[in-house]
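Structural features, examined
Now for the letters of each chain:
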Amino acid sequence: SRELRRAEMRLHRDEFDDHLVVVSGAGSGIGRETALLFAARGAEVVASDIDLSAAKRTAKEIVKSGGTAHAYQLDVSDPAQVRVHVDAVLQAHGVPDIVVNNAGVGAAGDFLATPEEEFNRVLSVNLLGVVNSSRGFAAAMVERGQGGHIVNLSSMAAYSPGKGMSAYTTSKSAVFSFSDCLRAELAEHGIGVTTVCPGIVHTNIIATTSVSGVSPEEERELQQVGDRAYALRGYGPEKVAKQIVDAVRANRSILPVTPEARIQYHVNRLA
Ligand code: ADP
């Protein structure tokens with residue numbers, strides 16, 4: 001399958017030539033893999049993250065393998081920072097063709113035990129981060145008039161409300177609804193909007209989040225990645241990145257991703 005992957009790599013290598021792709025939260029996990037994959041297929045990549053050194057690592061890796069990438073520090077939850085970031089990107093690199101609003105934080109805990117600031121922080125990053133970035137970049141895309149594509153990271157958690165999930169599920173299901181509205185408004189400008197709903201991917205978020213209530217049947221499909229934390233077996237961020245790239249290519253609207261979405265899970269507490 002390595003050969004297959006190589007062959008596929010060759011096949012698609014130039015497919016995003018002359019495309020500018022902006023990825024938030026590109027320092028780790030799904031964002032990182034998405035940035036690497038678009039770059040491997042010819043795109044110039046803007047990799048932003050609240051953690052600048054992580055963004056730089058991603059950009060460096062792209063440049064090392066012959067691609068073009070730029071690292072930026074950005075906290076997507078801060079609208080003023082996002083405005084500055086959007087202007088900087090437009091000035092230095094032009095209007096992006098594809099924007100992947102990926103930055104996010106994990107959260108778990110009973111609603112009444114969650115401090116107000118913590119709950120609001122999850123909404124600020126996961127929901128308003130997507131909204132802030134969409135506002136800036138979509139406006140530039142509309143003005144340019146050459147279409148484009150926006151990818152927003154929701155989660156399978158949008159379909160799995162339950163105990164301990166109030167902040168995270170609320171943020172991610174709102175991303176889902178927001179994206180539907182955005183798609184309806186941007187369609188006439190030739191701008192596609194894809195909502196991605198990954199299952200439990202093995203990334204930093206899940207490695208620091210404890211999951212319980214997994215049935216033996218589900219357990220066969222899961223792998224333990226931390227203290228009582230699980231991810232879906234063989235379901236890494238590279239796989240989600242590939243699904244994102246495929247969705248952009250096919251202009252798919254909603255990507256509930258995998259059969260994994262049926263696996264219910266209950267998150268108890270942050271480790
Ligand atoms: P996943 O890929 O599952 O979302 P990770 O934790 O591996 O999980 O990746 C999330 C990325 O998003 C990290 O690099 C993290 O630094 C980044 N991030 C978290 N909060 C923000 C924020 N407010 N603004 C920008 N990036 C953020």
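Residues numbered from 1 in each chain as written. Predicted model: local features only at pLDDT ≥ 70, side-chain atom pairs only at ≥ 80, totals over all residues. Heavy atoms only, no water.

Considering the pairing of strand β2 (residues 44-49)
- Of all six residues making up β2, five are buried, and the element is well covered by its neighbours.
- Regarding topology, helix α2 (residues 29-40) serves as the crossover connection from strand β1 (residues 20-24) to the parallel β2, and that connection is right-handed.
- Note: β2 against strand β3 (residues 68-73), six bridges, orientation parallel. The residue of β3 that forms the bridge with Val-46 is His-70.
- On the question of chirality, the crossover connecting β2 to the parallel β3 by way of helix α3 (residues 52-64) is right-handed. (Buried < 20%, exposed > 50% of the residue type's maximum accessible area, 1.4 Å probe, protein only. Helix = DSSP H or I, 4+ residues; strand = E, 2+ residues; numbered from the N terminus. Right-handed = clockwise from strand over helix to strand, strands pointing away. Pairing = 2+ DSSP bridges.)

Remarks on the confidence of the model for the chain
- Of the residues in the chain, 76% reach a pLDDT of 70 or more, and the chain-wide mean stands at 84.
- This model gives residues 257-271 a pLDDT under 50, and the stretch forms 51 contacts once residues within four places in sequence are excluded.
- Note on the complex model: pTM 0.86, ipTM 0.98. (pLDDT = per-residue confidence, 0-100. Contact = heavy atoms within 4.5 Å.)

Points about helix α4 (residues 79-93)
- Relative to the 21 Å expected for 15 residues at 1.5 Å per residue, α4 spans 21 Å between its end C-alpha atoms, a close match to the ideal helical length.
- Looking at α4, one finds that the buried residues are Val-82, His-85, Val-86, Val-89 and His-93. Axial view of α4: buried residues confined to an arc of 100°, hence all on one face. Structural note: α4 exposes Arg-83, Val-84, Gln-91 and Ala-92 on the side pointing more than 90 degrees away from its buried face.
- Buried residues belonging to α4 abut β1, β2, β3 and α5 (116-144).
- For α4, the N-terminal capping position is held by Asp-78, with its side-chain oxygen 3.0 Å away from the main-chain nitrogen of Ala-80. (Expected span 1.5 Å × (residues − 1). Arc of directions from axis to C-beta. Polar contact = N/O pair within 3.5 Å; in protein donor to acceptor, adjacent residues only side chain to side chain.)

Things to note about the pattern of salt bridges
- Per the counting criterion, the structure on display carries ten salt bridges.
- A salt bridge links Glu-15 to Arg-249; its shortest N-O distance comes to 2.6 Å. You can see Glu-15 sitting in the loop between α1 (2-12) and β1 and its partner Arg-249 sitting in helix α9 (residues 237-250), a full 234 residues away along the chain.
- Judged by its relative accessible area of 37%, Arg-249 falls in the partly exposed class. (Salt bridge = Lys/Arg side-chain N within 4 Å of Asp/Glu carboxyl O.)

Topic: the packing of aromatic side chains
- Inspection of every chain in the model, using the stated rule, returns two aromatic pairs.
- With 5.0 Å between their ring centres and 75° between their planes, Phe-16 and Phe-38 make a pair best called edge-to-face. Of this pair, Phe-16 sits in the loop between α1 and β1 while Phe-38 is found in helix α2, placing the two residues 22 residues apart along the sequence. The two residues Phe-16 and Phe-38 agree in class, both being buried.
- An angle of 80° between the planes, with centres 5.5 Å apart, marks the rings of Phe-111 and Phe-119 as edge-to-face.
- Judged by relative accessible area, Phe-119 falls into the buried class, the value being 14%. (Phe/Tyr/Trp six-rings, centres within 6.5 Å; stacked < 30°, edge-to-face > 60°.)

As for the side chain of His-149
- Relative to the elements of secondary structure, His-149 occurs in strand β5 (residues 148-153).
- There is a polar contact of 2.6 Å between the side chain of His-149 and the side chain of Thr-194.
- In this view, His-149 contacts Asp-97, Ile-98, Val-99, Met-141, Ile-191, Gly-192, Val-193, Thr-194, Ala-247, Val-248, Asn-251 and Arg-252; residues no more than four positions away in its chain are not counted.

Points about the environment of Val-22
- Considering the arrangement of structural elements, one finds Val-22 in strand β1.
- On the accessibility criterion, Val-22 (3% relative accessible area) is buried.
- With 80 residues separating them along the chain, Val-22 and Asn-102 place their C-alpha atoms 9.9 Å apart.
- If near-sequence neighbours (up to four positions away) are discounted, Val-22 is found in contact with Val-46, His-85, Val-89, Pro-96, Ile-98, Val-99, Val-100 and Phe-137.

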